[in-house]
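What follows is each chain in one-letter form.
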Amino acid sequence: MSALEIEVFSCRSDNYGVLVHDPDTGLTASIDAPEEAPILAAAERRGWKITHIFTTHHHIDHVEANLALKEKFGLEIIGPVNEALAIPGLDRTVADGDEFTFGEHLVRVIETPGHTAGHICYHFPDDKILFAADTLFALGCGRLLERTPTDMWHSLQKLAVLPDETAIYFGHEYTLSNARFALTIDPDNERLKTRAAQVEADRAEGKFTIPTMMSLEKETNPFLRPSDPAIRRNLLMEGKTNEEVFAEIRKRKDNF
Ligand code: ZN
Ligand code: FE
């Protein structure tokens, strides 16, 4: 079984487009469909024919090109059962814990309510790849538009148990703002300081910050670190639960 090939490119203002290609079978999945033209250009560049869209949630910046790509490629659209009615052209629904294969590659569906009520992530356990869309970002997490902080905290816990060496592809390039915010929550974290400096330099050159790695997120992403003693001390929340600390960090980010 050959390794999956992945093509990352920008779409819209700050979305990432991602194509995943299985060289053994020729299957190619677009993770969400934020914008038709850059997705077509990426497929053309690599010489890939798109056979699937793996939809993570119903927001327009993740589904807008569904019908156009379906028309063009006759592809199959897979997406979350809990948002089925809001996803254009959906062919097959999946729910938490569902498994299917992409060529010979196993895919596991992880429901992560928070950003939206039915948001799902696609995990390729044998390839150690996670497509986290708007649930987990580099140094951040999605805004809580349809669910509570407690729901999102539990969703993030489902991702945090994945292996440290999991590569994470996320939905938006928000990393610079996330890094600056993270420093206000966790200012003495040496690993974070080093990473934030790197992000400043990379973004100044227009470099992508995708993918990230689970180990790095656990060490530096404040939304995965509400149990950290230094963060709790800094927030004056030493006696609080992880959920309460998480909610406070999310609230501060909303106002950052
Ligand atoms: Zn979204
Ligand atoms: Fe989005």
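Everything here concerns the structure above.
No experiment lies behind these values; they were computed from the predicted model shown.

**Notes on the sheet that holds strand S13 (residues 167–170)**
The mixed open sheet is built from 6 strands, whose spatial order is S7-S8-S9-S10-S13-S14. Either end of the sheet is taken by a strand with one partner, and the two such strands are strand S7 (99–102) and strand S14 (212–213). Looking at chain direction, S13 and S14 are connected through 2 bridges and run antiparallel. Paired with Ala-167 across the bridge in S14 is Met-213. Docked against the sheet, helix H4 (residues 149–160) engages strand S8 (105–111), strand S9 (120–124) and strand S10 (129–133), running at close to 160° with respect to S8.

**Re the coordination of the iron ion (ligand 2)**
Only Asp-61 (OD), His-62 (NE2), Asp-134 (OD) and His-172 (NE2) from the protein coordinate the iron ion (ligand 2), and they sit 2.1 to 2.4 Å from it. Each donor residue of the iron ion (ligand 2) lies on the same chain, and together they follow the pattern D-H-x71-D-x37-H. Between the two metals, the iron ion (ligand 2) and the zinc ion (ligand 1), the spacing is 3.0 Å, and Asp-134 donates to both. Residue His-62 is located in helix H2 (residues 60–63), and its partner His-172 is located in the loop between S13 and helix H5 (175–185); the two are separated by 110 residues in the primary sequence. In terms of burial, His-62 and His-172 fall into one category: buried.

**What about the packing of aromatic side chains?**
Using the criterion set out here, one finds 13 aromatic pairs in the structure. Aromatic pair Phe-102 and Phe-124: ring centres 6.3 Å apart, planes at 85°, arrangement edge-to-face. Of this pair, Phe-102 sits in strand S7 while Phe-124 sits in strand S9; the two residues are 22 residues apart in sequence, bridging distant segments of the chain. A single burial state applies to Phe-102 and to Phe-124, both of which are buried. Consider the rings of Trp-153 and Phe-246, whose centres lie 5.8 Å apart with planes at 40°: the pair is tilted. You can see Trp-153 sitting in helix H4 and its partner Phe-246 sitting in helix H9 (residues 242–254), a full 93 residues away along the chain. Taking relative accessible area as the criterion, Phe-246 reaches 0% and is therefore assigned buried.

About the criteria used
- Residues numbered from 1 in each chain as written.
- Chains lettered and ligands numbered in written order.
- Predicted model: local features only at pLDDT ≥ 70, side-chain atom pairs only at ≥ 80, totals over all residues.
- Heavy atoms only, no water.
- Pairing = 2+ DSSP bridges.
- Helix = DSSP H or I, 4+ residues; strand = E, 2+ residues; numbered from the N terminus.
- Contact = heavy atoms within 4.5 Å.
- Axes fitted to C-alpha atoms, helices over the stretch in contact; angles between N-to-C directions.
- Donors = N, O, S within 2.8 Å, 3.2 Å for Na, K, Ca; no water.
- Buried < 20%, exposed > 50% of the residue type's maximum accessible area, 1.4 Å probe, protein only.
- Phe/Tyr/Trp six-rings, centres within 6.5 Å; stacked < 30°, edge-to-face > 60°.

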